[in-house]
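Chain and residue survey
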Number of protein chains: 2
Amino acid sequence: MIKRIHHVGVVVKNLDEALDLYVNNLGFKASKIMIADKGEKFRTVMVSQGEVTLELIEPMDEKGGIQNFLETRGEGIHHISLEVDDIRAELNTLGARGIKFLFKEPEQVEGTLVTFVHPKSTRGVLMELLQE
Amino acid sequence: MIKRIHHVGVVVKNLDEALDLYVNNLGFKASKIMIADKGEKFRTVMVSQGEVTLELIEPMDEKGGIQNFLETRGEGIHHISLEVDDIRAELNTLGARGIKFLFKEPEQVEGTLVTFVHPKSTRGVLMELLQE
């Protein structure tokens, strides 16, 4: 069962410029900038306002999927992250209906468990499933 | 002040096929299919699960922005709709900080007031502001 939108991921060319825009012009509050280096290296920061959280993502690898997204689609919305109660139950239920996943075994990221539904299974929407 | 994500808009080639996927495979519940014909004509349906609502959108005009999105970026996430308390206050506050809008005067849509932040003001993110 999907509960809520945990965050929406946005790919940007320059994280510092994007952060300035989201905080100083659009009124969001920023958390700490992090560097992720599991598979693909990228810089990332969460910005929040009310119940809305966006994850700004700047690729650091020249050949990864995030850089590829930036080159082929340009800056913009990259994925939606959906919070679920039980990620393994979702993998089983959705898998049995033919939905494909990028990781069959959820990854541990910052105290959460995550996987991605394959965009071919969602008509082009990159959908992260996340369990707190 | 932005309160929450009202919905995420997803452009699809074929609304009936997408609806089948979201309802029968991904477990969403659908509302009624509507045809919008203000400016650009498109078919649309809201699908929900938990607190998550997605708006599936199929273009019906050969020359509109939605068809153009489909041709240049392919099926996928098109916009995020952010619920605000007072849309005119947001237009004033954000406008004073240099943020541009697609409509300076909010449009009435199904009992709500909406406008869009210009993607140039959000680094490529098409952001709808919506007041219930």
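No experiment lies behind these values; they were computed from the predicted model shown. (Residues numbered from 1 in each chain as written. Chains lettered and ligands numbered in written order. Predicted model: local features only at pLDDT ≥ 70, side-chain atom pairs only at ≥ 80, totals over all residues. Heavy atoms only, no water.)

1. So, the packing of aromatic side chains
Residue and element names in this part refer to chain A. As a reminder, the rule being used: Aromatic pairing here means that ring centres of Phe, Tyr or Trp (its six-membered ring) are within 6.5 Å. Orientation follows from the plane angle: under 30 degrees is stacked, over 60 is edge-to-face, and everything else is tilted. To qualify as a helix, a DSSP run of H or I must reach at least 4 residues; to qualify as a strand, a run of E must reach at least 2; elements of each kind are numbered from the N terminus. Think of it in three bands: with a 1.4 Å probe and only protein chains considered, a residue is buried below 20% of the maximum accessible area for its type, exposed above 50%, and partly exposed in between.
On inspection of all chains with the given rule, the structure shows four aromatic pairs over all chains. For the ring pair Phe-103 and Phe-116, a centre distance of 6.1 Å and an interplane angle of 80° mean the geometry is edge-to-face. With Phe-103 in the loop between α3 (87-96) and β7 (107-109) and Phe-116 in strand β8 (residues 112-117), this pair connects stretches of sequence that are 13 residues apart. Looking at Phe-103, the relative accessible area reads 25%, which means it is partly exposed.

2. Examining the nonpolar core
Formally: The term nonpolar core refers to a set of buried residues drawn from Ala, Val, Leu, Ile, Met, Phe, Trp, Tyr and Cys, joined through side-chain atoms within 4.5 Å. Whether two residues are in contact is decided by their heavy atoms, any of which lying within 4.5 Å being enough.
Counting 62 residues, the largest nonpolar core has Tyr-22 of chain A together with Tyr-22 of chain B as the members making the most contacts within it. The contact partners of Tyr-22 of chain A, leaving out residues within four places of it in the chain, are Gly-27, Phe-28, Val-47, Leu-54 and Leu-56 of chain A together with Thr-122, Val-125 and Met-127 of chain B.

3. Describing the relation of the copies chain A and chain B
Note the threshold: A residue counts toward the fit only if its pLDDT is at least 70 in both copies, and the copies are then superposed by least squares on the C-alpha atoms of those residues.
For the pair chain A and chain B, the best superposition has an RMSD of 0.0 Å and corresponds to a rotation of 180° with a translation of 0.0 Å parallel to the axis. What the superposition gives is, in effect, a two-fold axis relating one chain to the other. Of the C-alpha atoms belonging to chain A, the one lying closest to the rotation axis is found on Arg-73 of chain A, 3.0 Å away. By residue overlap, the copies meet face to face through one surface: 100% of the interface positions of chain A are interface positions in chain B.

4. Considering the side chain of Glu-83 of chain B
Residue and element names in this part refer to chain B. Relative to the helices and strands, Glu-83 is located in strand β6 (residues 76-84). On the accessibility criterion, Glu-83 (7% relative accessible area) is buried. Once residues within four sequence positions are removed from consideration, Glu-83 is found in contact with Met-1, Ile-2, Lys-3, Arg-4, His-6, Leu-130 and Glu-132.

5. As for the environment of Gln-108 of chain B
Residues and elements named next belong to chain B. By the element assignment, Gln-108 lies in strand β7 (residues 107-109). Judged by relative accessible area, which is 57%, Gln-108 ranks as exposed. Not counting chain neighbours up to four residues away, the residues in contact with Gln-108 comprise Lys-38 and Leu-113.

6. Comments concerning the interface of chain A and chain B
Applied cut-off: Two parts placed together each lose some accessible area; with a 1.4 Å probe, that loss summed over both constitutes the buried area. We define a salt bridge as a side-chain nitrogen of Lys or Arg found within 4 Å of a carboxyl oxygen belonging to Asp or Glu. Any N or O atom pair separated by 3.5 Å or less is treated as a polar contact, with the protein-specific requirement of one donor-capable and one acceptor-capable atom, and with residues adjacent in sequence counted only for side-chain atom pairs.
Each partner contributes residues to the interface: chain A has 42 residues there, and chain B has 42 residues. Taking both sides of the interface into account, the surface hidden between chain A and chain B amounts to around 3600 Å²; carbon and sulfur atoms contribute 64%. Broken down residue by residue, the surface that chain A buries against chain B is led by Arg-73, Ile-77 and Arg-123 of chain A, which jointly contribute 22%. Counting the contacts that link chain A with chain B gives four salt bridges. Residue Arg-123 of chain B pairs with Glu-75 of chain A through a salt bridge whose shortest N-O separation is 3.1 Å. There are 13 residue pairs in polar contact (both at pLDDT 80 or more) connecting chain A and chain B. Looking at the side of chain A that touches chain B, the elements with two or more residues in it are β1 (2-11), α1 (15-25), β5 (52-59), α2 (65-73) and β6 (76-84) of chain A.

7. A closer look at the pattern of salt bridges
One side chain can pair with another of opposite charge once the charged atoms of both are near each other. Enumeration over the complete set of coordinates arrives at 16 salt bridges over all chains. Of the charged contacts, one joins Arg-43 of chain B and Asp-16 of chain B as a salt bridge, the two residues approaching to 2.9 Å between their closest N and O atoms. On the criterion of sequence distance, the pair formed by Arg-43 of chain B in strand β4 (residues 40-49) and Asp-16 of chain B in helix α1 (residues 15-25) is long-range, its members being 27 residues apart. One salt bridge in this structure joins Arg-88 of chain B and Glu-105 of chain B, with 2.7 Å as the shortest N-O distance. Residue Arg-88 of chain B is found in helix α3 (residues 87-96), and its partner Glu-105 of chain B is found in the loop between α3 and β7; the two are separated by 17 residues along the sequence. Relative accessible area serves as the criterion here: at 38%, Arg-88 of chain B is assigned to the partly exposed category. One connected set of salt bridges, linked through shared partners, spans Lys-3, Arg-4, Glu-83 and Asp-85 of chain A.

This is a description of form; function is not addressed.
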